[in-house]
Amino acid sequence: RLMQNAAVESSIDVLTVSPAGPVFDVTTGLSTVTNSITVTGSYFAITEFLFKIETLPRAAKASTVAIVPAPTDSDPNLLSLSVSVDMYTSDQSAGPGSTPGPTGAVAPAPAAPTGATGASPAAVTEPGA
């Protein structure tokens, strides 16, 4: 949805979006989902789209960019952009084809304190005692 909004706000035409499966990196603890995107638009629309991708609220990086002329009868200045965008998430079960929910063991909840004040029963006294 974030990418679609960036495209709409940039006035470009999205031709294809092909997300790959998430790849987990044990060193960083992050999953990377690489998206191959092809769009058409003017030079200024494409540069705005690339700016919006790299300033999304979710960490994203345009890793490969190819811009070629794609003139049409109605717009001789039209360009075609092919870009590979890496999006990062700490959710190991994110991405297409994944199973939602935790993918590893879930840590047990911490135990509740034993007394109302957390003090030992011997330290708790009745009011007026």
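Right above here is the structure, for reference.
Just so you know, these numbers come straight off a predicted model, no measurement behind them.

Side-chain pairs of opposite charge can arise where the charged atoms are in close proximity. For the coordinates displayed, the defined rule picks out 2 salt bridges. For E48, the salt bridge is made with K52, and the minimal N-O distance between the two is 3.9 Å. Here E48 and its partner K52 are both found in helix α2 (residues 43-54), 4 residues apart, which amounts to about one turn of the helix.

Before going further, it helps to spend a moment on α2. Residue pairs spaced three or four apart in an α-helix point in one direction, given the helix's 3.6 residues per turn. In a regular helix each residue adds 1.5 Å, so 12 residues correspond to 16 Å; α2 covers 17 Å between its end C-alpha atoms and thus fits that length. Buried within α2 are the following residues: A45, I46, F49, L50 and I53. Taken around the axis of α2, the buried residues stretch over an arc of 135°, which confines them to a single face. Structural note: α2 exposes F44 and F51 on the side pointing more than 90 degrees away from its buried face. Check the buried side of α2 and you find it contacts α1 (2-10), β3 (30-41), β4 (60-69) and β5 (79-89).

What follows concerns the packing of aromatic side chains. According to the stated counting rule, one finds 1 aromatic pair in the structure shown. Taking 5.3 Å as the distance between ring centres and 80° as the angle between the ring planes, the aromatic pair formed by Y43 and F44 counts as edge-to-face. Its relative accessible area of 63% is what places F44 among the exposed residues.

Before going further, it helps to examine the environment of S82. By the secondary structure assignment, S82 is in strand β5. Look at S82 and you get partly exposed, because its relative accessible area is 35%. Counting along the chain gives 17 residues from S82 to V65, while the straight-line C-alpha distance between them is 5.9 Å. When near neighbours in sequence (up to four residues on either side) are disregarded, S82 contacts I37, T38, T64, V65 and A66.

The biggest cluster of nonpolar side chains holds 19 residues, and the ones touching the most others in it are M3, I37, F49, L81, V83 and V85. Breaking this core down by element, the ones donating at least two residues are α1, β3, α2, β4 and β5. Sequence-distant contacts of V83, defined by excluding residues within four places in its chain, comprise N35, S36, I37, L50, A62, T64 and V65.

Rules and cut-offs
- Residues numbered from 1 in each chain as written.
- Predicted model: local features only at pLDDT ≥ 70, side-chain atom pairs only at ≥ 80, totals over all residues.
- Heavy atoms only, no water.
- Salt bridge = Lys/Arg side-chain N within 4 Å of Asp/Glu carboxyl O.
- Helix = DSSP H or I, 4+ residues; strand = E, 2+ residues; numbered from the N terminus.
- Expected span 1.5 Å × (residues − 1).
- Buried < 20%, exposed > 50% of the residue type's maximum accessible area, 1.4 Å probe, protein only.
- Arc of directions from axis to C-beta.
- Contact = heavy atoms within 4.5 Å.
- Phe/Tyr/Trp six-rings, centres within 6.5 Å; stacked < 30°, edge-to-face > 60°.
- Core = buried A, V, L, I, M, F, W, Y, C linked by side-chain atoms within 4.5 Å.

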